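These are the residues of each chain, in order.
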Amino acid sequence: MRKILISLAICVFLAGCSNSVTPEMKEFMGALSSKEKIAAVVNKYSAAPEVVPESLQACDLGASKITNTEKKGETILYTAEVTVDSCEKSETAAGTVRTFDIAWKNGKIVSFDWKGPKSGKVEY
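Residues numbered from 1 in each chain as written. Predicted model: local features only at pLDDT ≥ 70, side-chain atom pairs only at ≥ 80, totals over all residues. Heavy atoms only, no water.

Student: Pulling in residues and values, what's your account of unusual backbone geometry?
Tutor: Across the chain, the bulk of peptide bonds are trans and the bulk of non-glycine residues have phi less than zero. Of note, asparagine 106 is a non-glycine position whose phi angle comes to about 55°, a positive value. Of note, asparagine 106 is situated in the loop between β3 (97-105) and β4 (108-117). For asparagine 106, a relative accessible area of 64% corresponds to the exposed category. (Helix = DSSP H or I, 4+ residues; strand = E, 2+ residues; numbered from the N terminus. Buried < 20%, exposed > 50% of the residue type's maximum accessible area, 1.4 Å probe, protein only.)

Student: Tell me what's going on with the pattern of salt bridges, and back it up with residues and numbers.
Tutor: Tallying each qualifying case throughout the model produces seven salt bridges. The closest approach of N and O atoms between aspartate 60 and lysine 35, which form a salt bridge, is 3.8 Å. Here lysine 35 lies in helix α3 (residues 35-45) and aspartate 60 lies in strand β1 (residues 60-72), a separation of 25 residues in the sequence. Residue aspartate 60 is classed as partly exposed on the basis of its relative accessible area of 35%. In this structure lysine 35 comes out as partly exposed when scored by relative accessible area, which is 28%. Notably, a salt bridge pairs glutamate 70 with lysine 72, separated by 3.6 Å at the nearest N-O pair. Classification of glutamate 70 by relative accessible area gives partly exposed; the value is 31%. (Salt bridge = Lys/Arg side-chain N within 4 Å of Asp/Glu carboxyl O.)

Student: So what about the pairing of β1? Which residues, and what values?
Tutor: Two faces belong to every sheet, and in a regular strand the side chains alternate between them. Both β1 and strand β2 (residues 75-86) contribute to a ladder of ten bridges, which runs antiparallel. Bridge pairing links serine 64 to valine 82 in β2. Counting the residues between successive antiparallel strands, the hairpin from β1 to β2 contains two residues, one of them, glycine 73, with a positive phi of roughly 65°. (Pairing = 2+ DSSP bridges.)

What follows is the structure, given as structure tokens:
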């Protein structure tokens, strides 16, 4: 019985500590594979037009994943990675993994910051 109670307490603790991904962020991450979808999601969720840089739509992007979630008050900050499949503006960008931070507040993107490539060279 004691083991069950300890296991239950651990599960409750972990559930309370977990940072789940919002539906808006899931939609954003799912849109990264298409320039048209990115544009639509950016228009739908940006708090202001200048928040998300145009460079997000400069290349064809592929696999993406969220690597960290942090909640600060009403703001949720995600760190994520996305693979560049191809890029007309920078052939050297193809195959690189770009990292970025994106902050959400009240269902809107309030900041976006490229952290640069994990490897390779990106020029655009």
